[in-house]
Amino acid sequence: MARALRAGEITSVALTQAHLDRIASVDADVHAFLFVDIQGALAQAAATDAKRAAGERLSPLAGVPLALKDVMTQKGVPTTAGSKILEGWRPPYDSTVVANLRANDIVIMGKTNMDEFAMGSSTENSAFGPTHNPWDLSRIPGGSGGGSSAALAAFEAPLAIGTDTGGSIRQPAAVTGTVGVKPTYGAVSRFGLIAFSSSLDQAGPCARNVLDAALLHEAIAGYDARDSTSINAPVPQVVTAAKSGDVKGLKIGVVKELNGDGYQSGVRTRFEESLELLAKAGAEIIEVSAPNFEYALAAYYLIAPSECSSNLARFDAMRYGLRVGDSEGASAESVMKLTREAGFGREVKRRIILGTYALSSGYYDAYYGSAQKVRTLITQDFDKAFQKCDVMVSPTCPTTAFTIGEKSDDPIAMYLNDIATIPVNMAGIGGMSLPAGLAPEDGLPVGFQIMAPAMADERMYLVGAALEAALLTKWGAPLLSKIPELSGR
Amino acid sequence: MSSLSRDDVANLARLARIEMSEEELVSLSHEFTVILDAVARVQEVAGQDVEPTSHPLPLRNVFRPDVVLPSLLTEEALSGAPAQEESRFRVPQILGEE
């Protein structure tokens, strides 16, 4: 698309309009979008076309439309984070990610659905109803960024932004047959990202192929003085790596603990097949062990709720968002309690209460304190393994997409989805998921996860590009060409 | 085995400023018995000798130059306010009657 735009074969306005038409046709079934900014998108597209006509030098993705996860503020555009407590809120400022997208003339078409405040693995926790997986509308599109992944798979948008706290970019990518990347923590500014768990949250690119993801990665990453945890170093050469795909002599470590029991047979088949293709491409496959990964899930479900109980205290009904029970003589405390009761969904309340407990005096050391120690152990596991290999790999998720409603009454079963993605967030390193094919038993997409050391994000793109090229040769066409046609309306 | 009673949950909900129905208090206390059992596993390996990690980046005292930059206008800052009065946020009563 970017090439056709550069060659003048199509305008950004026409390209954007085509995607807006597609959204109008299929989104009643998919429900990937919470808000479509038709006027804003077409205005931005027209401005980009004008710049191109005037001969201005534009960025590689200029004029290409994108879907933005609704957890990112965009000035004047409704931003809810999937919660009733922010329904109708129009932020008075742009997040840094949005500012960077604008600087690259990437057209923002609208805001995508998500689990409320990014808490979930299925997008069923959105206060505005679930998103449906375009491969099978009765199934979940992953979460929390299910809207972004579904929009890509449904051809409603060629690019999307996600955020990843425990797998919210990679798991949706895996179950929809798309590419999603969680960069090294601090690579992309969190300014304007509505915080869930500040030490784990990281925004990243979602796309239908590795090179598009790399181009988007380069567009949004970089140092930002407004985020004190932003990394002040050059962005890794991800585009160069994605164009190269040369893995000769690269050591790929298969994580022993992220395979085997609990992983669906078709997931394992596709994973093994991908390893063979990478070996054929010249990589050396070895096994590495990470004994403490089995504690990652438990530690995550203490750290993330603890941080969220603090972060979500800002929704106090005073300065923005919902306010309930503000009658004559009502106290501020009673207004806060009633607003938070009405505004937060069940999973959010569950996590706030859990976090409040884990941080409370007398329990802090046993829960939050112990979880922080596990975090150290996981980071040490990664450090040791990366002495033996250049990247680590695993299936992205233990299973393919499950049915909507199947796990919503069992929080522990739901949390198990993230078992392979969480260690990356705990250590603050990079992780990518790309499609490895369809599971033979159910015909649904399987994700292959690549993990790279902090600040070496380019290695994921190198391996991702190599595997993608080998799979494309094998299949003859991209995986998404096999997706069932949506009927549309 | 750890567990939380209905009253424990009620106290946490009060601390977190969330009103909760009786039904929600009871069902959450049941769920927490299962969830706490699962997360308590962290204690198995969290020995005395392990340093805790609060953050993935080893950052310390990040400063930026103290330069005045444009900030939100009053109208912008108030644009999402549930209630306002004389260019200020109007909030419910904070102090007691007495």
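K.L.:
Sorry, what's going on with the overall build of chain B here?
P.N.:
The secondary structure content of chain B amounts to 3 helices and 2 strands. Taken from the N to the C terminus, the helices and strands of chain B come in the order α-α-α-β-β. A compact globule built from 98 residues would reach a C-alpha radius of gyration of about 13 Å, whereas chain B, at 23 Å, exceeds it by more than 25%. Its C-alpha atoms put chain B at 55 × 45 × 30 Å along the principal axes. Buried residues in chain B amount to 32% of all 98 residues. Computed over 8 positive and 18 negative side-chain charges, the separation of the two mean positions in chain B equals 6 Å.

K.L.:
Help me out: how do you make sense of the overall build of chain A in this one?
P.N.:
Looking only at helices and strands, chain A features 16 helices and 11 strands. Computed over its C-alpha atoms, the radius of gyration of chain A comes to 21 Å, within 12% of the 23 Å expected for a compact globule of 489 residues. Once the C-alpha set of chain A is aligned to its principal axes, its extents read approximately 70 × 60 × 45 Å. Looking at chain A as a whole, 64% of its 489 residues qualify as buried. As presented, chain A carries roughly 15800 Å² of accessible surface, and 52% of it is formed by carbon and sulfur atoms. Mean positive and mean negative side-chain charge positions of chain A (43 and 52 charges, respectively) differ by 3 Å.

K.L.:
Before we go on, may I ask you to explain the layout of surface pockets in this structure?
P.N.:
A water-sized probe, rolled over the atoms, reveals where empty space remains. Residues and elements named next belong to chain A. Counted as a void, the largest pocket has a volume near 760 Å³. Put simply, the parts of the chain that give the lining of the largest pocket at least two residues each are α1 (2-6), α7 (210-220), β10 (430-438) and α16 (458-475). Considering each element in turn, the lining of the largest pocket owes the most residues, 5 residues, to α16. Broken down by class, the residue content of the lining of the largest pocket amounts to 20 nonpolar, 3 polar and 6 charged.

K.L.:
Is there a simple way to think about the side chain of Ser122 of chain A in this case?
P.N.:
Residue and element names in this part refer to chain A. In this fold, Ser122 is placed in the loop between β3 (107-112) and α5 (146-153). Polar contacts involving the side chain of Ser122 include one to the side chain of Glu124, which spans 2.7 Å. Ignoring sequence-local partners within four residues, the contact set of Ser122 consists of Asp115, Ile140, Pro141, Gly142, Gly143, Phe402 and Met414.

K.L.:
What exactly am I supposed to notice about the interface of chain B and chain A here?
P.N.:
Accessible area lost upon the coming together of the parts serves often as the stated size of an interface. Taken together, the contact pairs 55 residues of chain B with 61 residues of chain A. With both chains or domains summed, chain B and chain A bury close to 5000 Å², and 67% of this area falls on carbon and sulfur atoms. In this structure, the connection of chain B to chain A is made through 7 salt bridges. Taking the shortest distance from any N to any O, the salt bridge between Glu24 of chain B and Arg346 of chain A comes out at 4.0 Å. On inspection of chain B and its partner chain A, the count reaches 20 residue pairs in polar contact (both at pLDDT 80 or more). Among the secondary structure elements, those contributing two or more residues to the side of chain B that touches chain A are α1 (6-15) and α2 (22-39) of chain B. Of all the elements, α2 of chain B adds the most residues to the side of chain B that touches chain A, at 10 residues. Among the residues making up the side of chain B that touches chain A, the classes are represented as 32 nonpolar, 12 polar and 11 charged.

K.L.:
Looking at this structure, how should I read the pattern of salt bridges?
P.N.:
All names here are of chain A. One pass over the full model with this rule turns up 25 salt bridges over all chains. We note a salt bridge from Arg351 to Glu347, for which the minimum N-O separation is 2.7 Å. With Arg351 and Glu347 both in helix α12 (residues 346-358) and 4 residues apart, this pair spans about one turn of that helix. Residue Arg351 is classed as buried on the basis of its relative accessible area of 3%. Classification of Glu347 by relative accessible area gives buried; the value is 8%.

K.L.:
Before we go on, may I ask you to explain the nonpolar core in this structure?
P.N.:
Residues and elements named next belong to chain A. One finds Leu101, Phe117, Phe382, Met392, Phe448 and Tyr461 to be the most contacted residues of the largest nonpolar core, which totals 133 residues. Per element, the largest residue contribution to this core is 10 residues, and it comes from helix α10 (residues 296-311). If near-sequence neighbours (up to four positions away) are discounted, Leu101 is found in contact with Leu66, Leu68, Ile106, Ile108, Ile161, Leu216 and Ile220. Core analysis: the next-biggest nonpolar cluster, separate from the first, contains 20 residues, Leu20, Val107, Ala150 and Cys206 among them.

K.L.:
So what exactly am I meant to see when it comes to the sheet that holds strand β7 (residues 251-255) of chain A here?
P.N.:
What links the strands of a sheet is backbone hydrogen bonding, and the strands pair in either a parallel or an antiparallel sense. Residue and element names in this part refer to chain A. Taken together, the 11 strands give an open sheet; going across it, the order is β1-β3-β2-β4-β6-β5-β10-β11-β9-β7-β8, and neighbouring strands pair in mixed fashion. Looking along the sheet, the strands with just one partner apiece sit at the ends: β1 (33-36) and β8 (284-288). Neighbouring strand axes in the sheet, compared pairwise and without regard to direction, differ in orientation by 30° on average. Two strands pair when backbone bridges link them, and strand β5 (residues 179-182) and β10 are joined in this way by 3 bridges, in the antiparallel orientation. What sits directly across from Val181, in β10, is Met432. Along the sheet, helix α4 (residues 96-103) makes contact with β2 (65-69), β3, β4 (159-164) and β6 (202-207), crossing β2 at roughly 175°. Each of β8, β9 (391-395) and β11 (445-452) touches helix α13 (residues 365-386); the most contacted strand, β9, lies at about 115° to it.

K.L.:
Just checking my understanding: could you explain α5 of chain A for this structure?
P.N.:
Each α-helix turn comprises 3.6 residues. Residues three or four places apart therefore point the same way. All names here are of chain A. Counting buried residues in α5 gives 8 out of 8 residues, a clear majority hidden from the surface. Of all the positions in α5, only Gly146, Gly147, Ser148, Ser149, Ala150, Ala151, Leu152 and Ala153 are classed as buried. The positive-phi residue at the C-terminal boundary of α5 is Phe155, with phi of around 60°.

K.L.:
Before we go on, may I ask you to explain the packing of aromatic side chains in this structure?
P.N.:
Pairs of aromatic rings are described using the distance from one ring centre to the other and the angle between the two planes. Residue and element names in this part refer to chain A. Across all of its chains, the model carries 14 aromatic pairs over all chains by this definition. A ring pair is formed by Phe117 and Phe315, whose centres lie 4.9 Å apart and whose planes are at 45°; its orientation type is tilted. You can see Phe117 sitting in the loop between β3 and α5 and its partner Phe315 sitting in the loop between α10 and α11 (332-343), a full 198 residues away along the chain. Taken as a pair, Phe117 and Phe315 share a single burial class, namely buried. Taken together, a centroid distance of 6.0 Å and an interplanar angle of 75° make the contact between Phe117 and Phe344 edge-to-face. On the criterion of sequence distance, the pair formed by Phe117 in the loop between β3 and α5 and Phe344 in the loop between α11 and α12 is long-range, its members being 227 residues apart. Comparing Phe117 with Phe344, the two get one shared label, buried. Site record: aromatic cluster; members linked through ring pairs are Trp89, Phe117, Phe315, Tyr320 and Phe344. The aromatic ring of Phe402 is capped on one face by Lys407, whose charged end is 4.5 Å from the ring centroid.

Rules behind the numbers
- Residues numbered from 1 in each chain as written.
- Chains lettered and ligands numbered in written order.
- Predicted model: local features only at pLDDT ≥ 70, side-chain atom pairs only at ≥ 80, totals over all residues.
- Heavy atoms only, no water.
- Helix = DSSP H or I, 4+ residues; strand = E, 2+ residues; numbered from the N terminus.
- Rg over C-alpha atoms; globule rule 2.2 N^0.38 Å.
- Buried < 20%, exposed > 50% of the residue type's maximum accessible area, 1.4 Å probe, protein only.
- Lys, Arg positive; Asp, Glu negative; His and termini not counted.
- Charge placed at Lys NZ, Arg CZ, Asp CG, Glu CD.
- Areas by Shrake-Rupley, 256 points an atom, 1.4 Å probe, with all protein chains shown as cover.
- 1 Å grid on protein atoms, 1.4 Å probe; cavity = no way out; pocket = protein on both sides within 12 Å on 5 of 7 lines; lining within 4 Å.
- Points joined across faces, edges and corners; volume = space filled by probe spheres on them.
- Nonpolar A, V, L, I, M, F, W, Y, C, P; charged D, E, K, R; others polar.
- Polar contact = N/O pair within 3.5 Å; in protein donor to acceptor, adjacent residues only side chain to side chain.
- Contact = heavy atoms within 4.5 Å.
- Buried area = accessible area lost by both parts, 1.4 Å probe.
- Salt bridge = Lys/Arg side-chain N within 4 Å of Asp/Glu carboxyl O.
- Core = buried A, V, L, I, M, F, W, Y, C linked by side-chain atoms within 4.5 Å.
- Pairing = 2+ DSSP bridges.
- Axes fitted to C-alpha atoms, helices over the stretch in contact; angles between N-to-C directions.
- Phe/Tyr/Trp six-rings, centres within 6.5 Å; stacked < 30°, edge-to-face > 60°.
- Lys NZ or Arg CZ within 6 Å of the ring centre and 35° of its normal.

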